[in-house]
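# Remarks on the overall topology
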Amino acid sequence: MLRLSLSTEEYLMLGEDIRIVFLGGTNHHLRIMIDAPKDVNIVRSTVLEKKNPEMKEKTPKYYAEPELPEKYRKKRSGNR
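Residue positions are given per chain, counting from 1 as you read along its sequence in written order. Predicted model: local features are reported for residues with pLDDT of at least 70 only, side-chain atom pairs are reported and counted for 80 or more only, and whole-chain, interface and lining totals are derived from all residues. Side-chain descriptors were evaluated using all non-hydrogen atoms of the structure, hydrogens and water having been removed beforehand.

### Re the overall build of the protein chain
Within the protein chain, the secondary structure is distributed over two helices and three strands. Under the DSSP-based scheme used, a helix requires at least four consecutive residues in state H or I and a strand at least two consecutive residues in state E, with every element numbered from the N terminus. Along the protein chain, from the amino end to the carboxyl end, the secondary structure elements read β-β-β-α-α. Each residue is assigned to one of three classes by its accessible area relative to the maximum for its type, calculated with a 1.4 Å probe on protein chains only: buried under 20%, partly exposed between the two thresholds, exposed over 50%. Out of the 80 residues in the protein chain, the part that is buried amounts to 5%. Only carbon and sulfur atoms are counted for the fraction: they give 53% of the accessible area of the protein chain, which is about 8,400 Å². Areas reported here follow the Shrake-Rupley algorithm with a probe of radius 1.4 Å; residue values treat only the protein chains shown as occluding.

### Here's the deal with the sheet that holds strand 1 (residues 11-14)
The strand order 1-2-3 describes an open sheet built from three strands, whose pairing is antiparallel. Single-partner strands in this sheet number two, and they are strand 1 and strand 3 (30-35). Ignoring strand direction, the axes of neighbouring strands in this sheet form an average angle of 20 degrees. Pairing analysis gives six bridges linking strand 2 (residues 18-25) to strand 3, with the strands arranged antiparallel. Pairing of Gly25 across the sheet is with Leu30, part of strand 3. We treat two strands as partners when DSSP finds at least two bridges between them. To obtain each axis, a line is fitted to C-alpha atoms, and for helices this fit is confined to the stretch in contact; angles are then taken between N-to-C directions over 0 to 180 degrees.

### Digging into the confidence of the model for the protein chain
The predicted coordinates should not be examined in detail at positions where pLDDT is low. Each residue carries a pLDDT value, the predictor's own confidence for that position, ranging from 0 to 100. Mean pLDDT for the protein chain: 82, with 81% of residues reaching 70 or above. The secondary structure element of the protein chain with the lowest average pLDDT is helix 2 (residues 53-58), at 81, and the one with the highest is strand 1, at 94.

### A word on unusual backbone geometry
One non-glycine residue with positive phi stands out, namely Glu9, at about 75 degrees. With respect to the helices and strands, Glu9 occurs in the segment before strand 1.

### Quick notes on the packing of aromatic side chains
For any two aromatic rings, the description comes down to two numbers: the centre-to-centre distance and the angle of the planes. Only Phe, Tyr and Trp rings take part, Trp by its six-membered ring, and two of them pair if their centres are within 6.5 Å. Stacked means planes under 30 degrees apart, edge-to-face means over 60, and tilted covers everything else. Tallying each qualifying case throughout the model produces zero aromatic pairs. Above the ring of Tyr11, the side-chain terminus of Arg19 is found at 5.1 Å from the ring centroid. Two conditions define a charge sitting above a ring: the NZ of Lys or the CZ of Arg must be within 6 Å of the ring centre, and it must be within 35 degrees of the ring normal.

### Quick look at the environment of Met33
Mapped onto the elements, Met33 comes out in strand 3. A C-alpha to C-alpha distance of 8.0 Å links Met33 and Arg19, two positions 14 residues apart in sequence. Any two residues whose heavy atoms approach within 4.5 Å at even a single point are treated as in contact. The residues contacting Met33, other than those within four sequence positions of it, are Arg19, Ile20, Val21 and Leu23.

Have a look at this one:
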């Protein structure tokens, strides 16, 4: 398992032809763009879990960190 922190508009490459671009987000939602060939099947986990309920029980659970350690926080310039 690989865990990364990305800035807005940074991207990940999967193989030679799949790019996942982080577009930003809010507290509980992220926006990403997936640039992949048409023959690559991309499906949301909720759709897969509806079709196969056992999958939800077997899949590991991942949780967001409530707050990042100080060394990973961006420094703000000026007063907000």
